[in-house]
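Remarks on the overall topology
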Amino acid sequence: MSTQPFDIGLVRDRIRQGVSDKELRQVQGSADYAAVQALRDFPAPCCYVLLAREMPLETKTGASLPGQQTRLAQLVEVNFAVVTVCRNYREQRGAQVIDELRILLGKVRQPLLGWTPPIAGGRACQLIEGNLEDYDAATALWVDVWKTQALLQPEIPR
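Residues numbered from 1 in each chain as written. Predicted model: local features only at pLDDT ≥ 70, side-chain atom pairs only at ≥ 80, totals over all residues. Heavy atoms only, no water.

**Considerations on the sheet that holds strand 1 (residues 26-28)**
Read across the open sheet, the five strands follow the order 1-2-3-5-4; overall the sheet is mixed. Pairing within the sheet leaves two strands with one partner each, and these edge strands are strand 1 and strand 4 (126-135). Adjacent strand axes in the sheet meet at a mean angle of 25° when their direction is disregarded. With 14 bridges joining them, strand 3 (residues 74-87) and strand 5 (residues 139-152) adopt antiparallel strand pairing. Bridge assignment links Val76 to a residue of strand 5, and that residue is Ala150. (Pairing = 2+ DSSP bridges. Helix = DSSP H or I, 4+ residues; strand = E, 2+ residues; numbered from the N terminus. Axes fitted to C-alpha atoms, helices over the stretch in contact; angles between N-to-C directions.)

Here you go:
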């Protein structure tokens, strides 16, 4: 039982297990992502996993006593983002970086699609959307948004 937000570290670990260090130099979180100032500063190829949103689903509570905490389990739809950065210095027109990004995205998506996080109420991860967010002649930054589910349940002493 927990009321904590979704543990995004589970997703980072899953990507690390599924993609070799040779193919992906780093898999980091939101603090490392926020520290990067410019597209050229990313240690590509790399990715960052960010908690994007938690949206609680309505739960019927039934009868409850004023002043008392009710034993309640609430499902939460969880959205997380995987930011993937790829770089290619061989060609400065951008075509090769997009080809390399396509291959890298396939490798990053492979361990996530259909994977159920080991949490209460977990559901198989589904890709919601992917977008090319930024690019230049040598570097491309892509954001995939995923969804899963979690269960919030307070620990109430008896």
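**With respect to the packing of aromatic side chains**
One pass over the full model with this rule turns up five aromatic pairs. Plain terms: the ring middles of Phe6 and Phe80 are 6.2 Å apart, the flat faces sit at 15° to each other, and that makes the pair stacked. Taken together, the positions of Phe6 in the segment before helix 1 (9-18) and Phe80 in strand 3 put the pair 74 residues apart, joining distant regions of the chain. For the pair Phe6 and Phe80, a shared accessibility class is recorded, and that class is buried. Considering the side-chain rings of Tyr33 and Phe42, the 6.0 Å spacing of their centres and the 35° angle between planes classify their relative orientation as tilted. (Phe/Tyr/Trp six-rings, centres within 6.5 Å; stacked < 30°, edge-to-face > 60°. Buried < 20%, exposed > 50% of the residue type's maximum accessible area, 1.4 Å probe, protein only.)

**Thoughts on the state of the cysteines**
For the structure on display, the rule yields zero disulfides. Cysteine Cys47 remains unbridged, with the sulfur of Cys46 as its closest cysteine sulfur at 7.2 Å. For Cys47, a relative accessible area of 0% puts it in the buried group. (Disulfide = S-S within 2.5 Å.)

**Re a nonpolar patch on the surface**
A cluster of nonpolar residues, Ile98, Leu132 and Tyr135, forms a patch on the protein surface that exposes about 290 Å² of accessible area. Along the chain, Tyr135 falls in strand 4. (Patch = residues over 30% accessible without salt bridge, like charges linked within 9 Å, V, L, I, M, F, W, Y side chains within 5 Å. Areas by Shrake-Rupley, 256 points an atom, 1.4 Å probe, with all protein chains shown as cover. Salt bridge = Lys/Arg side-chain N within 4 Å of Asp/Glu carboxyl O.)

**Some details on the pairing of strand 5**
On a regular strand, one side chain projects to one face of the sheet and the next to the other, so that they alternate. A large share of strand 5 lies buried, amounting to 12 of its 14 residues. As judged from the eight bridges shared by strand 4 and strand 5, these two strands associate in the antiparallel manner. Bridging across to strand 5, Asp134 finds its partner in Leu141. Hairpin connection, strand 4 to strand 5: the antiparallel pair is bridged by three residues.

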